[in-house]
Amino acid sequence: MMVLLLHCVDGCGRHCFRTADELELENNGYIGIIIGIDDRVQENSKLIDEIKDIFTDGSAELYKATRNRAYFRQITITVPSHWSDSVTSTRATTESYDRSHIIIDHTRIQGLANTPYVTGIPGCGQMGRYMHLTPNYILDPDVQDNYGPGGKTMVHEWGHLRYGVFDEYPTGDKQHYFSTNGGVEAIRCSSAIKGRWSSGCNLRNGIPQRGRSEGCHFYDDRQDRGYSASIMYKQFLPNMMDFCDNARSASSSGGVHNVEAPSRQNRLCQQRSAWEVMRTNDDFRNNANPPRTIFSTKPGFRVVKRTVSNVVMVLSVGASMASADRIQKMGQAVRSFIMDDVQDGERVGMVAFSDEGNMMSDMVAMNNSMRDAMLLDIPTPDDVGGSSNLEAGVMKGIEVLERDGRNPSGGVVLLVTDGQENENDKMDEMMPMLKEKNVTVDFIAIGKDASKNLETIAESTNGMSFSYSEEYSSSNGLNEAFDTISQRGQNILTLPVTVYSKALHVESKGSEEFTFNIDSTIGEGTQLTFDCLGGNDTAEVTVRKPDGGEIKKGSEGYQIDSRFHVVTIKIPGVAQYGRYDVTIYNPLSNAQTVMVTVKSGGKLQDDYPIIALAEWSQSKMTPPDQIVLHVAVTRGYSPVLNAMVQAKIERPGGVAMDITLLDNGAGADMAKDDGIYSMYFTSYTGTGRYTAKIFVVDDGDKTVVSLSKRTGYGAINVPNSENEDNIELPADESTGVFQRTANSGSLMCEGDECQMSQDTDMYSPSRITDLSVHDVSFEKKQVTLRFTAPGDDMDQGQASRYEIRMGVNFTDMMEDMSAMMMVTQDMVVQGDLSQPKPAGSTELITIQTVPEYDDAVLVFSMIAVDDSDKKSPQSNIVTAAFVDQVTASSAAPSVNTVIMVATAILWLTM
């Protein structure tokens, strides 16, 4: 991310800024923080003032929580372009809404409507995508008070966003667990937090006993200041001012991390405290940014107004573009970009390059007449010839951005190429210049021979990476890449969605058919685009609507672009809800390939359509790096649950692979039912670029929009009374029939390790993170464990065996699992340790324990092993209590009464 700031030196003052490539911690101060206010938020200068106040308080609290190691130094607030100059007349450069670290926007989430939260945390210790705050939260003191002091709440959320640490409060329907010290403990960090138990507990001298515990709740003492516990617990409590640490390094006895508590932090971070995770972060690793005295932690704020985007397309016309209809495909994709993707008022230019770069069009603000004029500048087969001088193309693109004295800062070079660098190219030497000018380079690589250095250029300038391999006849990746790039700087929640995207092969005088659905969240501005390749005429298209009516050649909205061989069908008004059947007829004497795209916008102005957003966890890798494919399926900020999410992975060599992504809280998926579907990818076929084409559909009548959940991790609210433990949340809404497609962008695999054979085994099974105690029988002395099966390679395939360990000492299990008792198959009543189920399946293993564990709290943990004897990391740790009601409670109804009680250190997400 590129932010135009001024360099701050000693004595310059708090309000000096400098250029920052991205958010970073420099001399104990965070710089490059961007707060983006959504276009739908009404102009309000008080909102700006309140944002400044809450983050000023948050800066002071962060300084304390990080033990004098970090505070907010420089914050840029971006406001919508339609706000008046009375708020700010300063124009943004590289700051855009989609790159904001904190966004301010309304949400439809009921019951949790104003909860601050962070979304998109890919793993423990990794940075999230953004923090979400609502205008109501910022402006209404009563709303803000629901979560405690605003500054402390910001630190709680910053812990999620920057450090990748998780909540330490209870997140399931249980408030307690069985500790190995023999008692019942509330889920909290640290255990020094005082409070009282509800009358529903099985109490003896005010202390809960192991035994009947339904309705047992713990109420924190909201006045006690005798401890200093984790701000990742309940930030509204008075002495929540630090991050928990291990016993050796905690700043106070009250700040010692509770490793046994069944919290997300323990489950996802392998029982490590927040500070143990944070010390591995670049901000603090190797004692970076050590404690020092800061006399004022007040941030410097800069308020800027977002501007329209400036994009110059830099298009390769080297001789190699003549092959495989490349120049025509590129021309059709550029046409769609100009006509359909670029918003009115956005500025676009065009360069064609081979041996040298040539300006085809200066930067112009888009409107209908400018679109038509720019179509005439798109390169044709007559322009093809020469080599492919990437440096010359990029330099000409920057020249166009700078023409007539324009400031190129914030501009985007969209590079489309199929070529390698020339010997005389100096792309590496261009990096400092691109950074100095604050220019971003996005690229679309066509074919397998495109330069392998493109990722480096894009990555260093915060650009986007796409590839169109041509090895897959059904791929519409070139159009998908342009479409996704056009969303830069936009709030993607308000843009038209792609319902269908595919390349279809139509034989001579033959037909191909496909269907798509318009669901209840879309229908406005529905458009079907057919890019035809293979002849001098277009295919003929017939669309049958849900009511039986037809749209065909000659109908209103049916348009033919003879120059580019494109058919466009625009459905006026709001398209009918339901299924559409499409027939493509090829009148030519030779076969045609038809690239099909169907897009539609939200039906209601004040609501959101269902969207799908796909991305790789990083853009470059070398095995055995662990790469995750994530797909967020949401309606606005509400998650869409139980959808069918599938990916077709286009790989070097022309052999695609299909995988199903899950939102089950296991394997690569961090949180169950948060609308983010994930899967590890481990099947590489060689050096080159990998692209995931995503298909999302409803799963029968099970797919719902959850208005009571969010796509992230948030601050817990302050209950007004002890009677609000069970707040009634809104019911889920059925999605009905829907479908979406998305493109992940490209992943570059580098090195000989990318060439895997069937005998290659670089990956162990993934860590089991959802181990839980499903059932306990005191009478039978049996414990049933439940978990999701990992795979042979991370969460793909099938593991070979399980190793389960048990004991009575939690610390011993955590520090040296191998020293604990091994559960052997002869101790297993249900399940088979040597026959794991396929990845993603639910496993139930019932263990017959030994007599000496009577009335004990047992501790369990496990690993999975593959056929090469590669072992997964140790799972989360769970506890189970064997309790005879006679010994557990003086109020036992009879000596024959047996109660089955168990708890686990895993609690799944809300």
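Small disclaimer: the values here were computed from a predicted structure and weren't measured.

So, on to the overall build of the protein chain. On a plain count of helices and strands, the protein chain comes out with 14 helices and 52 strands. Across the 910 residues that make up the protein chain, the buried fraction comes to 59%. Counting only contacts in the protein chain whose residues sit at least 6 apart along the sequence, the fraction spanning at least 24 positions is 75%. Roughly 34,400 Å² of accessible area belongs to the protein chain as shown, and the carbon and sulfur atoms make up 45% of that amount.

Ranked by internal contacts, the top residues of the largest apolar core, which has 63 residues, are Y30, I37, F55, I77, W158, Y163 and F243. The dominant element in this core, judged by the number of residues it contributes, is helix 1 (residues 45-65), at seven residues.

Further remarks concern the packing of helix 1 against helix 4 (residues 150-163). Where helix 1 contacts helix 4, the two axes come as close as 8 Å, and the packing angle between them is 65°. Here helix 1 is positioned roughly perpendicular relative to helix 4, judged by the angle of their axes. Crossing geometry of helix 1 relative to helix 4 is assigned as right-handed. Mapping the contact onto sequence places I54, F55, D57, G58, E61, L62 and A65 in helix 1 and G150, G151, K152, M154, V155, W158 and Y163 in helix 4.

To continue, consider the packing of helix 7 (residues 326-341) against helix 12 (residues 477-485). Relative to each other, helix 7 and helix 12 sit at 30°, their axes nearing to 9 Å. When you trace helix 7 past helix 12, the crossing you get is right-handed. In this structure, helix 7 contributes K329, M330, Q332, A333, V334, S336, F337 and D341 to the contact, and helix 12 contributes L478, N479, F482 and D483. Split into classes, the residues belonging to the contact of helix 7 with helix 12 amount to six nonpolar, three polar and three charged.

Take the side chain of T691 next. Mapped onto the secondary structure, T691 falls in strand 40 (residues 688-697). Here S467 takes part through its side chain, which lies 2.8 Å from a polar atom of the side chain of T691. Excluding residues that lie within four positions of it along the chain, T691 makes contacts with S467, W616, K648, I649, E650, N743, S744, G745 and S746.

In this section: the sheet that holds strand 45 (residues 772-777). Whenever strands of a sheet pair, they do so through backbone hydrogen bonds, lying parallel or antiparallel. Here we have four strands laid out as an open sheet, ordered 45-46-50-49, and antiparallel in their pairing. In the strand order of this sheet, the two ends are held by strand 45 and strand 49 (828-830), each with one partner. For this sheet the average axis-to-axis angle between neighbouring strands, irrespective of direction, equals 30°. As paired strands, strand 49 and strand 50 (residues 842-848) are joined by two bridges and run antiparallel to one another. Within strand 50, the residue paired with Q830 across the bridge is T846.

Considering every residue of the protein chain, the mean pLDDT works out to 87; 89% of them sit at 70 or more. Looking across the protein chain, the model is least confident in helix 14 (residues 885-888), with a mean pLDDT of 40, and most confident in strand 4 (residues 71-72), with 98. A low-confidence stretch, residues 1-21 (pLDDT under 50), is modelled with 78 contacts involving residues beyond four sequence positions or located in other chains. Every residue in residues 885-910 scores below 50 in pLDDT, and together they form 90 contacts with partners more than four places removed in sequence or on other chains.

To continue, consider the packing of aromatic side chains. In the structure shown here, the tally under the stated rule is 20 aromatic pairs. Seen in terms of ring centroids, F243 and W275 are 6.5 Å apart; in terms of plane orientation they differ by 85°. Their pairing is edge-to-face. A residue pair is termed long-range when its members are at least 10 positions apart, and F243 in the loop between strand 16 (240-242) and helix 5 (264-268) and W275 in helix 6 (residues 274-278) qualify at 32 residues. There is no split in this pair, since F243 and W275 are both buried. A ring pair is formed by Y500 and F514, whose centres lie 4.3 Å apart and whose planes are at 15°; its orientation type is stacked. Here F514 lies in strand 25 (residues 511-518) and Y500 lies in strand 24 (residues 497-506), a separation of 14 residues in the sequence. For the pair Y500 and F514, one class covers both residues: buried. Put simply, the rings of Y30, F55, F72 and W158 pair up and form one aromatic cluster.

A sheet is described by the order of its strands in space; here four strands give the open sequence 25-31-27-28, paired in antiparallel fashion. At either margin of the open sheet sits one strand with a lone partner, and together these are strand 25 and strand 28 (550-551). As paired elements, strand 25 and strand 31 (residues 578-585) share eight bridges and run antiparallel to each other. Bridge pairing in strand 31 links T515 to D581.

Analysis parameters
Residues numbered from 1 in each chain as written. Predicted model: local features only at pLDDT ≥ 70, side-chain atom pairs only at ≥ 80, totals over all residues. Heavy atoms only, no water. Helix = DSSP H or I, 4+ residues; strand = E, 2+ residues; numbered from the N terminus. Buried < 20%, exposed > 50% of the residue type's maximum accessible area, 1.4 Å probe, protein only. Contact = heavy atoms within 4.5 Å. Areas by Shrake-Rupley, 256 points an atom, 1.4 Å probe, with all protein chains shown as cover. Core = buried A, V, L, I, M, F, W, Y, C linked by side-chain atoms within 4.5 Å. Axes fitted to C-alpha atoms, helices over the stretch in contact; angles between N-to-C directions. Parallel < 35°, antiparallel > 145°, perpendicular 65-115°, else oblique. Left-handed = near helix turned anticlockwise from the far one by under 90°. Nonpolar A, V, L, I, M, F, W, Y, C, P; charged D, E, K, R; others polar. Polar contact = N/O pair within 3.5 Å; in protein donor to acceptor, adjacent residues only side chain to side chain. Pairing = 2+ DSSP bridges. pLDDT = per-residue confidence, 0-100. Phe/Tyr/Trp six-rings, centres within 6.5 Å; stacked < 30°, edge-to-face > 60°.

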